[in-house]
Amino acid sequence: MWWILDGEYSKQGCSFQMDPRGSSSSMLHYNTWQYTRVWIPDPDEVWRSAELTKDYNEGDKSLQLRLEDDTILEYPVDVQNNQVPFLRNPDILVGENDLTALSHLHEPAVLHNLKVRFLESNHIYTYCGIVLVAINPYEQLPIYGQDVIYAYSGQNMGDMDPHIFAVAEEAYKQMARDEKNQSIIVSGESGAGKTVSAKYAMRYFATVGGSASDTNIEEKVLASSPIMEAIGNAKTTRNDNSSRFGKYIEIGFDKKYHIIGANMRTYLLEKSRVVFQADDERNYHIFYQLCAAASLPEFKELALTCAEDFFYTAHGGNTTIEGVDDAEDFEKTRQALTLLGVRESHQISIFKIIASILHLGSVEIQSERDGDSCSIPPQDEHLSNFCRLLGIEHSQMEHWLCHRKLVTTSETYVKTMSLQQVVNARNALAKHIYAQLFSWIVEHINKALQTSLKQHSFIGVLDIYGFETFEINSFEQFCINYANEKLQQQFNSHVFKLEQEEYMKEQIPWTLIDFYDNQPCIDLIEAKLGILDLLDEECKVPKGTDQNWAQKLYERHSNSQHFQKPRMSNTAFIVNHFADKVEYLSDGFLEKNRDTVYEEQINILKASKFPLVADLFHDDKDSVPATNTAKNRSSSKISIRSSRPLMKVPNKEHKKSVGYQFRTSLNLLMETLNATTPHYVRCIKPNDEKLPFHFDPKRAVQQLRACGVLETIRISAAGYPSRWTYHDFFNRYRVLMKKRELTNTDKKNICKSVLESLIKDPDKFQFGRTKIFFRAGQVAYLEKLRADKFREATIMIQKTVRGWLQKVKYRRLRAATLTLQRFCRGYLARRLAEHLRRTRAAIVFQKQYRMLKARRAYLRIYRATVIIQSFTRGMFVRRSYLQVLKEHKATIIQKYARGWMARRHFLRQRDAAIVIQCAFRRLKAKQELKALKIEARSAEHLKRLNVGMENKVVQLQRKIDDQNKEFKSLSEQLSAVTSTHAMEVEKLKKELAHYQQNQEADTSLQLQEEVQSLRTELQKAQSERRVLEDAHNKENGELRKRVADLEHENALLKDEKEYLNNQILRQSKAESSQSSVEENLLMKKELEEERSRYQNLVKEYSQLEQRYETLRDEQTPGHRKNPSNQSSLESDSNYPSISTSEIGDTEDALQQVEEIGIEKAAMDMTVFLKLQKRVRELEQERKKLQVQLEKEQQDSKKVQAELQNNGLDVDQDADIAYNSLKRQELESENKKLKNDLNELRKAVADQAMQDNSTHSSPDSYSLLLNQLKLANEELEVRKEEVLILRTQIMNADQRRLSGKNMEPNINARTSWPNSEKHVDQEDAIEAYHGVCQTNRLLEAQLQAQSLEHEEVVEHLKAQVEALKEELDKQQQTFCQTLLLSPEAQVEFGVQQEISRLTNENLDFKELVEKLEKNERKLKKQLKIYMKKVQDLEAAQALAQSDRRHHELTRQVTVQRKEKDFQGMLEYHKEDEALLIRNLVTDLKPQMLSGTVPCLPAYILYMCIRHADYTNDDLKVHSLLSSTINGIKKVLKKHNDDFEMTSFWLSNTCRFLHCLKQYSGDEGFMTQNTAKQNEHCLKNFDLTEYRQVLSDLSIQIYQQLIKIAEGLLQPMIVSAMLENESIQGLSGVRPTGYRKRSSSMVDGENSYCLEAIVRQMNSFHTVLCDQGLDPEIILQVFKQLFYMINAVTLNNLLLRKDACSWSTGMQLRYNISQLEEWLRGKNLHQSGAVQTMEPLIQAAQLLQLKKKTHEDAEAICSLCTSLSTQQIVKILNLYTPLNEFEERVTVSFIRTIQAQLQERNDPQQLLLDSKHVFPVLFPYNPSALTMDSIHIPACLNLEFLNEV
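So, a few notes on the structure that sits alongside this text. (Residues numbered from 1 in each chain as written. Predicted model: local features only at pLDDT ≥ 70, side-chain atom pairs only at ≥ 80, totals over all residues. Heavy atoms only, no water.)

## Remarks on the overall build of the chain
Applied cut-off: In this description a helix means any DSSP run of H or I spanning at least four residues, a strand means any run of E spanning at least two, and both kinds are numbered starting from the N terminus. Per-residue accessibility, obtained with a 1.4 Å probe over protein chains only, is compared with the maximum for each type, and a residue is labelled buried under 20%, exposed over 50%, and partly exposed between these values. Accessible areas in this description were obtained via Shrake-Rupley with a 1.4 Å probe; residue shielding takes into account the shown protein chains only.
Per the secondary structure count, the chain includes 49 helices and 28 strands. Buried positions account for 43% of the 1843 residues belonging to the chain. With the model as given, the accessible surface of the chain reaches about 105000 Å², and the carbon-plus-sulfur share is 54%.

## Points about the packing of helix α37 (residues 1495-1509) against helix α38 (residues 1513-1533)
Spelled out, the test is: Angles here are taken between N-to-C directions and fall from 0 to 180 degrees, while the axes themselves are lines fitted to C-alpha atoms, restricted in helices to the stretch in contact. Each angle is binned into one of four classes, with values under 35 degrees roughly parallel, values over 145 roughly antiparallel, values of 65 to 115 roughly perpendicular, and all other values oblique. The handedness criterion is simple: a crossing whose near helix is rotated anticlockwise from the far helix by less than a right angle is left-handed, and one whose near helix is rotated clockwise is right-handed. The contact rule is simple, with two residues in contact once any of their heavy atoms fall within 4.5 Å. Charged residues are taken to be Asp, Glu, Lys and Arg, nonpolar residues to be Ala, Val, Leu, Ile, Met, Phe, Trp, Tyr, Cys and Pro, and polar residues to be all remaining types, Gly included.
Contact pair α37 / α38: the axes reach a minimum separation of 9 Å and the direction vectors enclose 160°. Regarding the angle of α37 to α38, the classification is roughly antiparallel. Considering the relative orientation of α37 and α38, their crossing is left-handed. For the pair α37 and α38, the contacting residues are L1500, C1503, I1504, H1506, A1507 and D1508 in the first and K1515, V1516, L1519, L1520 and T1523 in the second. Class assignment for the residues of the contact of α37 with α38 results in seven nonpolar, two polar and two charged.

## Brief notes about the nonpolar core
Stated precisely, the cut-off is as follows: Only buried residues count toward a nonpolar core. Its members are Ala, Val, Leu, Ile, Met, Phe, Trp, Tyr and Cys residues joined through side-chain atoms within 4.5 Å.
F205, F287, F386, F573, I1499 and M1616 are the most contacted members of the largest nonpolar core, which has 321 residues in total. For this core, the element with the most residues is helix α41 (residues 1583-1618), which contributes 18 residues. Among residues more than four places away in sequence, those in contact with F573 are F478, I531, W549, L553, Y554, F563, Q564, P566, V582, E583, Y584 and F589. Of all hydrophobic cores here, the second largest spans 20 residues; its members include L736, C751, Y781 and L785.

## Observations concerning the state of the cysteines
The bond known as a disulfide is covalent and runs between the sulfur atoms of two cysteines. Here is the rule: Here, two cysteine sulfur atoms that lie within 2.5 Å of each other are counted as a disulfide.
According to the stated counting rule, one finds zero disulfides in the structure shown. Unpaired in this structure, C1494 has its nearest cysteine sulfur neighbour in C1549, at a distance of 8.3 Å.

## What to know about the packing of helix α39 (residues 1538-1557) against α41
Between two packed helices, what matters for the description is the angle formed by their axes and the separation of those axes. Orientation of α39 relative to α41, taken along the N-to-C sense of each, is 160°, at an axis distance of 9 Å. Considering their axes alone, α39 and α41 lie roughly antiparallel with respect to each other. Where α39 crosses over α41, the two elements pack in a sense that is left-handed. Taken together, the residues of α41 that come into contact with α39 (itself represented by F1538, T1541, S1542, W1544, L1545, T1548, C1549, F1551, L1552, L1555 and K1556) are R1586, L1589, S1590, L1592, S1593, I1596, Y1597, Q1599, L1600, I1603 and A1604. Looking at the contact of α39 with α41 residue by residue, the class counts come to 14 nonpolar, six polar and two charged.

## Some details on the pairing of strand β19 (residues 457-463)
Each regular strand shows side chains that alternate between the opposite faces of the sheet. In plain terms, the rule: In this scheme, strands are said to pair when DSSP sees at least two bridges between them.
Most of β19 sits out of view: seven of its seven residues are buried. Alternating residues of β19 divide into S457, I459, V461 and D463 and F458, G460 and L462, and every residue in both groups is buried. Taken together, the five bridges between strand β10 (residues 182-187) and β19 define a ladder with parallel strand orientation. Bridge pairing in β19 links I184 to V461.

## Some words on the sheet that holds strand β20 (residues 563-564)
Picture the strands of a sheet paired through backbone hydrogen bonds; they go either parallel or antiparallel. Within the open sheet, the three strands sit side by side as β20-β21-β22. Their pairing is antiparallel. In this open sheet, the two strands that pair with only one neighbour each are β20 and β22 (581-585). As paired strands, β20 and strand β21 (residues 572-576) are joined by two bridges and run antiparallel to one another. From the neighbouring strand, F563 faces β21, where its bridge partner is V575.

## Here's the deal with the sheet that holds strand β23 (residues 677-684)
An order of β8-β9-β23-β10-β19-β13-β14 is seen for the seven strands of this open sheet, with the pairing classed as mixed. Edge positions in the sheet fall to β8 (125-128) and β14 (259-267), since each of these pairs with one other strand and no more. For this sheet, the mean inter-axis angle between neighbouring strands, taken without regard to orientation, is 20°. Against the sheet, helix α4 (residues 194-208) engages β10, β13 (246-253), β14, β19 and β23, with an angle of about 160° to β19.

## Comments concerning the environment of V1492
Mapped onto the fold, V1492 is located in the loop between α36 (1472-1481) and α37. When sequence neighbours within four positions are dropped, the list of residues in contact with V1492 reads Y1498 and L1824.

## Some remarks on a nonpolar patch on the surface
Rules: Distance thresholds for patches are 9 Å for like charges and 5 Å for nonpolar side chains (Val, Leu, Ile, Met, Phe, Trp, Tyr), applied to residues having over 30% relative accessible area and no salt bridge. Any Lys or Arg side-chain nitrogen located within 4 Å of an Asp or Glu carboxyl oxygen qualifies as a salt bridge.
The grouping of I797, V801, W804 and L805 at the surface amounts to a nonpolar patch, some 410 Å² of accessible area in total. Within the element layout of this structure, V801 appears in helix α26 (residues 778-936).

## Focus: the environment of I185
With respect to the helices and strands, the residue I185 is situated in strand β10. Contacts of I185, omitting those with residues within four sequence positions, involve L462, Q490, L673, P678, H679, Y680, V681 and R682.

Here is the structure:
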C-alpha cells in the first residue's frame, strides 16, 4: 500500500531538477495495490483525495478511483511523461507541525497538512524547514501572553509547537551563542498579518531582553509602531491596516544581551496614495485621525472639517473603517510621539503640515479659454489656509502653482501650464511634502531610539510587502515584486546552503544540485539596459513618454524568457516572476520614477517662516534612504555569488530617480541580510472575506507558491527529506528486527543491518554520522512494514484470544446445560408432588364443607329458640321493675319536703345572728375611722403614701389627661351646640321684640307657643348632653378594660418573645457549626491572599534593595567599609530607628524626636503613634477638667440652696435612694438590652440567610420588630414599678430601723443607773468640746464621702449617658441593618464587630503599654535601690574588715567561688565587626557539621541577652543591624548556592524563634521550662526586629526556591516527557528540520526521572542537616512540585509530539514515582500531590477514550483541575503514534466545549510557573537551654566571655 514517486517539477519557466538517482522510472518496479490513497487535481479545491478501487499494474493507462463522496472516476495516467497522481501520506503523519517531516513531499500534502492544522486543530503556525508559515486567523487568540513568552524562553526550536516566539527565541539564542547578528524576514501579501507578526517578535525581544537601565528603550521600540501605522498604513481592498511601505528595524543589544537601542529603515513609501485612492480604499490613517480630532481647541487653527470635505481623503468613497475609532487612535499616536520625545510644538507643526496637504488637494484650479493656461480664484480659502499653515507667501505660491520656469543657456522663460499639468504639479508637491515629513519622523524616531552605549550585536526584523498582483499593476507593484525577487534569491541560496551543510556535517556523499534560480529575472530588471535602466534613460529624454519606453522594452527584451508582450495592448508588458506572471501597465511609470517637483515651489517652501517646514526642504540631500548600514559592523559576513556578475553602479546623474534610489537601498538591505543569519516567517491570507478560521485552498496555494514555501519542499525532496537519529529509529522500528540482531549492543550496526535487509535499493537511504537519511516515500514504506508487523502480531493475539474465548464459552455452555437439566428434572418431580398434595387437599375441603353446612342449619334453629325465650323473660322483668320504681319516687318526694322545712328554720335563726354582728362591727368601724382621720391629717403619713403612689398617680394622670382631652372635645362640641342655640334664641328674641312692636296684642299667643317650643328643645339638648356624658363614661370604662386586655396581651407577648428568643438561640447554636466552618475557610483564603500579597511586596522590596546595592557598587570604584560604630540600617525605613525599650512616656518620645531629628522620627511609626496618643489623652483631660469645673460651680449653687432647705433631709435621702436605685436599674437594663440586641441581630442575620430563598422573611422581620418594640415598652413599665417598690421597701426599712434605735435609747435612758447623779460643769464642758470635735471630724468625713459619692454618681451618670447614646446608635444601626439585604446585614455586622474589636484592642494595647511602662520604671527603681543597698553593705563590710584587720595573726588566701554559666556571652564593642565576620560573613556550613543545628542563631541570641542584661540599647541595635546586613551580604555573594542559602534560612528562622521564645510574652512561653524562662529578655521589646527578621526570612526563602528551581528546571521536560521510564512504550514519530535546528548543540544533556529524584534527595538532605523547621521543608517541596507540574503541563500544552497515549502512561508512572518518594520522605502531608493534580488529570485525559458522548461526560467530570482551554488544547494536540489509534474528531471536541461552557475558567492557557505560594513560618520553640550550648574552637570566638 505504498507508492514511490520521484520526478521533475517545472512551473512557469522555473524548473527544479531532482537527483537522477530518484528518477520516475523506478516507480514502475513496484505495484500499487487496491485502497491506496492519492491526490488528483480539482478546479474548486485545487487537490482532491481519492482511493484506488483496483490494483494498478505496469502498463495500465488509467486508474480506477473512488472519491470521498463515493463517486467512481477513471483517471488517465502517463508514466513516461510523469502524469501520475501524488500519493497521500499515512494518517499518522497528517497534522505534522513540520512539513519536512512528511514522507511524501509535494504540493497537495503541504496544502492538506496546513488545512488540517488550521481548521481542525486551530493551529495557525507550521514549520516548513527553516520557514515559519503563519496563517492569519482573523480572530484574537490567547497565545501571545507573558506566560507563553516565558514558556518559549530558553527552549529549543523543535521542542515546542511552532510559534513566532519560537523563531524569535531561536534568533536571540543564536545571537547570544554564535555572537552573530540575526534577521527575521516577515513577508506576505497585504492582509496576511505581517505587521502583527513583526510586532509580536519585537514584543518578545522587549520582554526577554529588556533594558538593564531605566531608559525603558523597549517601550520606545514598541511605541514606534502606532506612529508608523498612522503615517504609513492605510485601508485597501484586502486589508484595513495595510502597510504601504517596507521597514527594517534593527534592535541593538549589549554584551549582556539587553536592549540598548534600535534603528529603523524604510523602503518605497507609496506616495501616490496621498493624491489617489482606488474605490473603497482610504488615504493614510493620519489624515482621518486629524480630521476626527479637528474639534479640539488646539486644532481650531487647522481649519479642518470632516474627511468627506477634502479631495485627498474622499477620493476612495469610504472614509471610515468598521470597528476603528480614528479619534482614539489619534490620541494613541500623540501619546507615542510624546513618549519618543517629540515636543508639543513639533507635534503641532507636524499636524499643520498634514492639514496643509489636505487644503492643497482641495484648491480649485480653473482653466482659461485657450486651454494652455490656468488660474486660481483669488478668494480660495484652501490655498489661503495652505499658505498660512506652512508660513509661505500666498501670491508666490498662487503664481508658481500655475506657471513653470524654463532655463536655457541664454535665457529664462516663465511659461503657463495646462489644467492637467497644474494638477500633476500640485499632486507632486503634495507627495513630496508628505514624503519629506515621513522621512523627518522616521529620522526623529531613530534619534529617540539611539543610545550612547556600544552596540555588541543586533537582531533585525524586516516587515516588507509580499508579492503583489492586481488588475492594474503600476510602478509600485513593479518595485515590490522586484524586491521579492531579490529576497527569493537570497532565500533559495540560504536554504540550499543549509541543506548542503547538513549533508556535509553528517558526512554523506552528496551530488551538488545545479538548480536554475531567478537570477535571469533579476538581470532583466536591474542589469545594464534592463527595465530600470531603460526607464531612467527615457526619463532623461525631454519629451519621453510611457509609450516610447514600452516600445524600447519590446525591442530590447522580446527574446527573454521572463519578458512577454500582451496580445491586446501596446502599452503593457508581462514579467514572468518566480511566483506568477504579472502584467504591468506602463502609464505613469515615467512620472512616478521622475517624482518631478518644480524648483520654484520648493524654494517657496524653503523660505517658510516656520523652522520645521524650512528644515524639511533644506536638508533634502542626494542621499539614499536608510544611510545607517551595517558595513562597519563587527559581525561575520557571508559572500553570496550568483551565476552572473552584479551590475555596475549607474552614473551619478541617475541618482534622483525613484528606481535608482530603491535599487540602491535594496542592495544595502541585501548586504545587511547576507551579513546576518536569516530567519523566515511567511504569512498566509486564508481567505479574502476576512472570515475567522475559513480556508480557501485556491488563495492558499497561490501564496504558497509565491512565498517560497514550496521551494523549500522541492529542495528537501531533491535529497533526503526524512532524517532519523539512530536511537529514534531503533525505538520506532525495533519490531522489524530479529532476535539475533538485537543481541548486538551497537545500535548503529543494528540499524544498518535492518535497513539493508528491508530496503534493497541502497540509493534510497544513507547512513550519516548521527542520523539516517531517507529519500521521499521510504518512511512511508517502513511505516507500512511496521504496520504489517503489528497487524500480524495483532492477528496472532486475536486468534489466541478468540480461541481461548471460545473454549471459555463452550465450558460455560456445558455447565449451563447440566444446570438446566438438573433444574428441569427437579421441576417435574416437584410438579408431581404438587398434584398429589392438591388431591389430598380437595378431599379435606369436601369434608370440611359438608360439616360446615350441617352446623349452619343447627345454629339457625338454636338462635331462633334463644330469641323467643329472651323476649318472654324480658316482659316479666319489666313489669316488676315499674313497681319498684314507683315506690322509690314516693320516697324521694318525702325526703325533699322534710329537708325544706328544716332549712327554713335554720335561715331564720342565722339572719338574726347576722343583724347582731353587723351592729357590733359598725360600732368598732366608727371608732377606727375616727382614729384614721386623725392620723390622716399628719404630713408624714401623706408623704409616705405619696412616695409610693407618685408613679401610679402619674400614670393615672396621663390616663385622666387623655380622658380630659376626649371630654374637652365633647364639651367643645356641646358648647358649640349651645352657643348656636343661644344665638338662635337671641335672634328669635330680637324678632319677637320687633314683632311685638308691630303686633303686641295679636301675637302674644304665638310667642308663648314659640317659647314653649324653645324650652322643649332646650330640655332635649340637655338630655342629649346627659346621653353624651354617659357615653363618655362608658367609653372610659371600655378604655380601662382595653388597657387591662393590652396588659394581658403584653404579658403573653413577653412569654412568646422569650420562647422565640430561646428558639432562635437553639437555631443559631445548631447552625453555628456549619457557618463557622465556612467562615474559617473564607478567613483562611483571605489570609493566604493577604500573606501572598505581603510576601510579593517583600520580594519586590528585596529586588529593589539588591538593585540599589548593585548600582551603588558600580558607582563606587572600591569597597567602602563602614565604621564599626555606625549602623548601615539607619537608611532603611523598615528597620526600627530607635530602641523601643525606653519609649514609655511622651517626654521620652519628644526627647528622642529632638535627638534624631524630625525627618527620621517621621519615619518611625512608634514615636508617631505615641505622640498621637498623648494628644488624645491631653484632649480628654482638658474636657474632664472643664466638666469638673462646671460641676463645682453647680455644687456651690447646691450648697447655697441646701442652707435654705435644711428641713428637707429626709426627702433628699429618699431622692438619693430613688436615684441610686434608678441608676442601678438603668445599668442592668442597659446591659440586658445590649445582650438582647446582639442576640436579635445574630438571629435575624441567621434567619435571613436561611429564609433568603423563601417569601417569609418580611413576616419574620416585622414579627421581630414588633417583639422589640413591645419588649422596650414592657421594660419601661417594669422599671418604673420596680423602682417604686424598692423605694417603698427602703423607706419601710429606714422607719423600722429608726423605731428600733429609739426604743433602746428610751430603755437605756430609763435604765441608766447614774442618770440621776450630779455632773460637774467642767466635765460637762470638756465632754461637750469632745463631742463637738468628734462631730466636726464626722462631718468632714461625711462631706468627703458625700463628695466622693457625688463624683462617683456623676461618673456613673456620664457612663449611663454614653451607654444611652451607644444604645441609640445601636438601635439606629439595627433599624438600618434591617433595611438591608441578608448578605449586606452579615457584612455590616462583621464590619461593626471588627471596628468594636479594633477599638477594644487599642484600649487594651494602651493599658498594656502603661502597665509595661510602670513595670519598667519600678524595675529601674528597684535596681537603683538594690545597687545602693549593695554599695552600703559593701561599705559596711569594708569598714568591718578594716577594723578586724589588725586582729588577724596569720595570712588567709581567699578562694573565688565559680559561678554557673547563665547562658550569656559578653563582648566588647570594638569586637563586634570581628564577631560578624567570624560568625556570619566568613562562616562556611561545613565548619559546623556535627554541632548543634543553627548554632550561630543561639550564639547571637546569647550576645543579645547579655546586652539586654546590661541595659545597653545601642549595643542591641548595632548588633542586630550588623547581623542582618551581614546575612544579606552573604546571600548576595552566594546567590546560587543552595546549601549556603538553606543554612542561613534555618539560622534566621531559629534566631526569630529565639526572640519569640525568650521575649517574655506569655503566648510564646507556654512550652518553656523554668530554666528557659530565666533566660528571657528583661529590658527590651524586640517586636519590630522580629518583623524585620520575618521579612528577611521571606527573602531568603524566595532565593532558596529560585536556586532550587534553577537546578531542577533543565531536568523537568527531559525527565517527565522525553525520557522513557517504561522501556519500549513510547513510539517515535518522524521528525522534521526543526529537530535538527541550529540552536541544538550536539551532546545536549538528557535527564531521566532518577536525576530529579537524586536532586530532590540532595535538597532534602541539606535542609534536614541544616535543622530547618519541618513545616518549612514541607512548603519548599510543595513549591518545587508545583513548579514541576507547571513546567511539564505547559510543555505538554505546547508540544504536539508529547500529546499521545504513551506519554500519558509515562506521565502516570513518573508521577507515581514522585508520590512514592514523597511518602518515603514523609512529605505526603505537604500538599505537593495536590499541586500535581492538573498534570495527573492531563495524563488521564491522554489515556481515556475519546469517541462517544459518555466519554465526553467522563472527561468533563474527571478533569476538574484543568480549564476548558487546556482540555480542548490537549485534545487538539492529541497525536496517535500508531495506525491503530485514532485522532480526536472535531465533533467530539465541540461536544466537550458545549459541556464545559458553563465553567468560569480563566482565559489563561498556561500555568504561571513563576507563581510562589505564600510561605508561613510557624512558631517552633527550641528544647535547648542557653547554658547547655558549647561554642567550638573552629569559630575563632575566643573574645566572647561566658557570663
